[in-house]
Every structure is written in C-alpha cells, then in structure tokens.
Amino acid sequence: MNKTSMSKTAILEIKDLHATAGGKEILRGINLTVYPGEVHAIMGPNGSGKSTLAQVIAGRDLYGVTSGEVLYEGDDLLTLAPEERAQRGIFLAFQYPVEIPGVSNLYFLKAALNAIRKRKGEPEVDAMDFLSLVRRKMALMEMEESLLNRAVNAGFSGGEKKRNEIFQMAVLEPRLAVLDETDSGLDIDALKIVSNGVNTLRGPDRAIVVVTHYQRLLNHIVPDYVHVLAQGRIVKSGGKSLALELEESGYAGIEELAEAVR
Amino acid sequence: MMAAATSELQEIRRRAAESFETRGYPTKRDEEWKYTSVSAIAKAQFPAEAPSLTGNSLRTALEQHPGLIEEHLGRYASSEENAFVALNTAHFEDGAFLHVPRNTVVEEPVWIDYTAVPDRTTHPRNLIVVGANSQVRIVERYRGSGRYFTNAVTEIVAGENSVVEHVKLEEESAQSFHVATIQVHQARNSNFKSHNISFGGLLVRNDVNAVLSTGCEGTLNGLYLATGKQHIDNHTALDHAAPHAASHELYKGILDGISTGVFNGKIYVRKDAQKTDAKQTNKNLVLSPGATINTKPELQILADDVRCTHGATVGQLDEEALFYLRARGIGEIEARDVLIYAFARDVIERIGIPEIREYLEKALFERLVFSRQSSGGAL
C-alpha cells in the first residue's frame, strides 16, 4: 500500500475471505486492505461477488463465511452482530434500500444515531440539534424536508432511495462507508448530488469502498485505488486509470484473466 | 332482577333465558364457533355477580327513564343468533347507559370502565343511544385480575346523521374468559367507527355487527395481540341493508407463542343496497412457528351495482427490513419491536382520540416486552 498509510492501522483488512450462499461459493479468496483517508473502488461484472462482499462486511447472515478473516480497526469483524458493526462506524449504502411502512424516516434516523452515540458513551441527541443536523444534510442532498415524516423508503423513487442512503450516511458519519452500486439507475443530476454527498464525507480519518459496475461514478468520486473483482477474486488492482481501461475494454478480458488465475 | 323493568323488557329477557336453556353453549360443530371452543367457560361455572364499573349505571337509568331504554334495550343484539347474547340478556344486572340528545356534540370522550374480580361471572350490559346530528366518542374498557368470565353486550344506536366513534379496549387478565358482542344500528347518513382492541384474556371472542341504512358510513377496525396460549376470535358483520352506504374494515393481528387467532368478516349486501362500497382487509403477523391464525372473509352480495373488495394476509416479520434496521445500528430486539409496532400502527392511528393512541403505543410496547420475557413468546 502507499507509503503515507503504512504507519496507520488499517480500517479494514480482508484476508483470504471465502463465503458461500445457498451452498455455492461466491467469494473465493478476497484480499483487501483499506487505510484511513482512502477511497477504494471495487468493479466487476454482474455475479462477480461485489454485492456479496459488501453484505458480508455489513453482517448479512445469508452468506456463510467458510474461511478467512475480516478485521475492522484491527478487531475481528465477523463475530459482531450487524448492529454492533454499525455502532462501531460501518455503514452500508444498500443496493436495494428496504421499504419499511409504518416507520418514519425521522424516527429511524434518530434511533440509528442514538444507537451509535450510546456505543460511544454519548447522551441521546438533543431534539433541536438533531433537527438542525438533519436539515443541513437534507439540503446537501437536495431532499424535500417532507420526506422526514414519510415512512422509510416507502413510495420513494429509485433515485430518492439512493439519495436517502447517502443522506443517512451524512447524518451518521461512519468511519467506513461501503457503497453498494449506489450509482445504478441514477440520472446525471442525481449522480452528481450523490457523489457530492459522498465527497463531503471524505476525510483523513475515514475510508470509503465504492462497489460499482460502471466507471461513470468514478468521474465524480475519484478513487485512490481500483480493484477488479471476477469470479469471487480480485484479479487486478491499480490506480484510478484502471477504471478507464476497463471502460475501454469492458469486462470480457477480465473474465479471461479470472479463468487464468483459477 | 330489576324492579323497575317493564313487562316488555321482562318478556325479552324471559325469551332470552328460554333460548339459552334450549340451545345451551355453542359447540365447535356450530359454524360460527368452528375454531373457538367455549367448553372451558361452561365448565368453570363462576357464580354471577353485578359488574363493577365507572360510568352511568344502566340499572339507575332504567329506574329514572324506563321509556327511553325500553325503546332500545334488547332490540338489536340477537339472543336467537348468539347464545352469549341470550345469556347476557337473561341475566344482566347492570352496565352503562349513555344517551346523547339530538344536536349535541360531546367534546370529551366518555369512559366506561369495567374491573372484574376473580371467580365471578359478570354480564355487563351497555346501551348507547345517540340522537340525530350528534357527535360522541366512547371508550369501553375491560380489565380484571385472576380467573373470571366477562360476558358483555353493547348496543349502540347511531341516530340520523350522527357521528359516533367507539373504542373497545379488552385488557382482561391472562387467565380470564371474555366474550363480547357489539351490536350497532346506524340510522340514515350516520357515521360510525369501531376500534376493537384485544390484548388480554386467555379465551376471547368478539362479535362486532353493524347494520347500515342509506347513506351511512361504517368503519370496523381491530387490533389483536396474542401470546402464550391466548385464543382471540373476532367475528364481524357489516350488513348493508340500504343503498349508498360505505363500509371500511381493517383488522390486524399479531400472534406469538402458541396463541391462536380467528378472523371472520361477513359483509352482507341486501338486494336493494345498490351503490354499496365495502372494503375489508385482514392482515396477520405470525411471530412464532407455534402460533396459528384462521382468517375467513364471507361476502354475500345480492345487489348488482356494488363495489366490494376483501383481502387477507398472513406473514412473518420482514427479514430484509430487520437487517436494514440492524445495519443502521438498531439492536435486534428494538428492531423487531419497531417493525411490530409499525405493523400495528395503522390501526392505532385511525383512532380519533389522541390519549388513546398514546396509551396504546405504550401498552403495545409493554406487551411486547412481556411476551418476550414470558416463556411462550418468541417476540
């Protein structure tokens, strides 16, 4: 990894991770280390395991980890419940944000923020402070305030759902954000708003892992590193120029590469 | 039993006693009681006693203005069709009486509060008569301790163009038996809403029946939460007896432990009840593999220009939603409670009495905690 980050503890360290779903091995030996301040992009064709990797990091129990290690700030992540991971600063922006009728966005966000604050030993957020925080972040994401009183994602358009994910991220200020295809289905205006929201969060103490199928997002969220995932392994890593190469050549060559390393 | 009872009322009561004597308690062979066995009630034989209530006494009212009561009492709830109505009609000693004169808006909700004592049977009998163009909200609550049997009947007359909202809170003890009938007669253009909330009781059966005249709007909503070995049966009937009436029905159930639930919703549309608009929905959230629900809509439509829809669902907690909440830092237990509350919420939110909504929100969370702590609950 790069020389400035050598002295710091990695935020995320994945070592030879294997995971299955429904008896099928999806991740077949992932290695990835992410240091504070870095933005990593994970690209790859459909079915390469990108979303599985994101969900395993968040703690989804649909996937069974069969071997390997995932360390978060040096601690074993895999033994932690999803809520503990979130409380410790991991945020997954869902590829398909879930609709929860009957639970308002405001209630949801406040409960989430307070759970994180509690873990840090901080008191519950003051109602007025919370409202002003939420308003600021909504303005950043160019969202209507009326969305706050609506049920979580219920009746939201695809773009609104994705924006809502990044809005939540902006409020919760995670240390490690994993964005799972947050760009797919967005028009260019929404893409710019979402990217701007993500870029606002970039900082020396945070890390962001961007999972995407398309290079387009990476024009707006410029990564430090690009990894190409195919058939459950990272088959190629490089700088931001790798994304552009992929855009030129497509994933066809990558599949060949994956076959070669089997 | 009541000195001031007029002969006509005495006759109604005599016939009710006769009817019960002939038929006895219903059995599971009776279609209306297919999923609910009342043999435990029959066997218990708790001695009868006058109910203890706060509210205007029916017994006192009967002495003061027998005419008004005579006109209505026992005229709507059918002793022929329901053995427990017969039992109540024959044996009731007291209950609540509410009369709202015409053109009157009652601002504050009227409370009728029953507290049952152990090892007794009570037959609370309520009569609510709302005059034309009047408006009132009523809360009828049942609580108690120990083993006992409450057999309540409430008759409600909603006068022409009146607006009546009725909340029944069944919060009986965990070992009790509770059977209740709410029989509603809606005069022209009246608007009646029922919110039937069942939380307590070992064996519970509710019958909520409304007869709608021309231009009426009738709403029957309900929420039942059963845990442990509880059995909660809700039977409803909306009788569209005349044209241009609309009915809305939403019943939601949450079942945990090895509890059982029953929902049976009847909608009758009589031959000349054209332009009827009826909608019925029953949704159930089953939280444990040992819990069961039997749900059955029964539509009998004799008119041809009507709109009637019905739907029933039975489901579990949404695992995707649960993970989503947890992935934002909300603990598993809280996340489950939030989802269960969200499910119940759209029944609670339809209640037009803010303090009842707040009360139910708290009561529901307390019940969820209780269910989790008691061995029967997987909540």
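Keep in mind it's a predicted model, so treat the numbers as computed, not measured.

**Observations concerning the overall build of chain B**
Alright, step 1. Along chain B, the regular secondary structure elements total eight helices and 18 strands.
Alright, step 2. Against the globule reference of 21 Å for 379 residues, chain B gives a C-alpha radius of gyration of 20 Å, in line with a compact fold.
Alright, step 3. If you line up chain B on its principal axes, its C-alpha atoms span 65 × 50 × 45 Å.
Alright, step 4. Residues classed as buried in chain B amount to 56% of the 379 residues present.
Alright, step 5. Put simply, chain B shows about 15,000 Å² of open surface, and 48% of that area lies on carbon and sulfur atoms.
Alright, step 6. The positive charge centre, built from 40 side chains, and the negative charge centre, built from 49, are 3 Å apart in chain B.

**Here we look at helix α7 (residues 241-249) of chain A**
Residues and elements named next belong to chain A.
Alright, step 1. Along α7, the positions that sit buried rather than exposed are L242, A243 and L246. Buried residues of α7, viewed axially, fall in a sector of 105 degrees; they line one side.
Alright, step 2. Looking one or two residues past α7, G250 carries a phi angle of roughly 75 degrees, positive in sign.

**A few points about the state of the cysteines**
All names here are of chain B.
Alright, step 1. Applying the stated criterion across every chain yields a total of zero disulfides over all chains.
Alright, step 2. Between C216, a free cysteine, and C308, which holds the nearest cysteine sulfur, the sulfur-to-sulfur gap is 16 Å.
Alright, step 3. Judged by relative accessible area, which is 2%, C216 ranks as buried.

**What to know about the packing of helix α3 (residues 105-119) of chain A against helix α5 (residues 158-172) of chain A**
Residue and element names in this part refer to chain A.
Alright, step 1. In contact at an axis separation of 10 Å, α3 and α5 are set at 35 degrees when each is read in the N-to-C sense. Where α3 crosses over α5, the handedness of that crossing is right-handed. Taking contact as the criterion, the partners of N105, F108, L109, A112, L113 and I116 in α3 are, on α5, N164, F167, Q168, V171 and L172.
Alright, step 2. Partitioning the contact of α3 with α5 into residue classes produces eight nonpolar, three polar and no charged.

**What about the environment of N284(B)?**
Residue and element names in this part refer to chain B.
Alright, step 1. Position of N284 relative to the elements: it lies in strand β16 (residues 277-286).
Alright, step 2. Look at N284 and you get buried, because its relative accessible area is 2%.
Alright, step 3. A sequence separation of 64 residues divides N284 from L220, and the C-alpha atoms of the two residues are 16 Å apart.
Alright, step 4. In this view, N284 contacts Y224, G253, L255, I293, T295, T313, V314, G315 and F343; residues no more than four positions away in its chain are not counted.
Alright, step 5. At 2.6 Å, the side chain of N284 and the side chain of Y224 are in polar contact.

**Digging into the nonpolar core**
Alright, step 1. Counting residues in each nonpolar core, the largest one holds 70 residues, and the members touching the most others are I14(A), I57(A), I100(A) and L176(A).
Alright, step 2. No other element matches the ten residues that helix α7 (residues 332-348) of chain B contributes to this core.
Alright, step 3. Among residues more than four places away in sequence, those in contact with I100(A) are A151(A), V152(A), A321(B), Y324(B), L325(B) and L339(B).
Alright, step 4. If you look at the next biggest cluster of nonpolar residues, it comprises 48 residues, including M138(A), L218(A), L246(A) and Y251(A).

Thresholds applied
- Residues numbered from 1 in each chain as written.
- Chains lettered and ligands numbered in written order.
- Predicted model: local features only at pLDDT ≥ 70, side-chain atom pairs only at ≥ 80, totals over all residues.
- Heavy atoms only, no water.
- Helix = DSSP H or I, 4+ residues; strand = E, 2+ residues; numbered from the N terminus.
- Rg over C-alpha atoms; globule rule 2.2 N^0.38 Å.
- Buried < 20%, exposed > 50% of the residue type's maximum accessible area, 1.4 Å probe, protein only.
- Areas by Shrake-Rupley, 256 points an atom, 1.4 Å probe, with all protein chains shown as cover.
- Lys, Arg positive; Asp, Glu negative; His and termini not counted.
- Charge placed at Lys NZ, Arg CZ, Asp CG, Glu CD.
- Arc of directions from axis to C-beta.
- Disulfide = S-S within 2.5 Å.
- Axes fitted to C-alpha atoms, helices over the stretch in contact; angles between N-to-C directions.
- Left-handed = near helix turned anticlockwise from the far one by under 90°.
- Contact = heavy atoms within 4.5 Å.
- Nonpolar A, V, L, I, M, F, W, Y, C, P; charged D, E, K, R; others polar.
- Polar contact = N/O pair within 3.5 Å; in protein donor to acceptor, adjacent residues only side chain to side chain.
- Core = buried A, V, L, I, M, F, W, Y, C linked by side-chain atoms within 4.5 Å.

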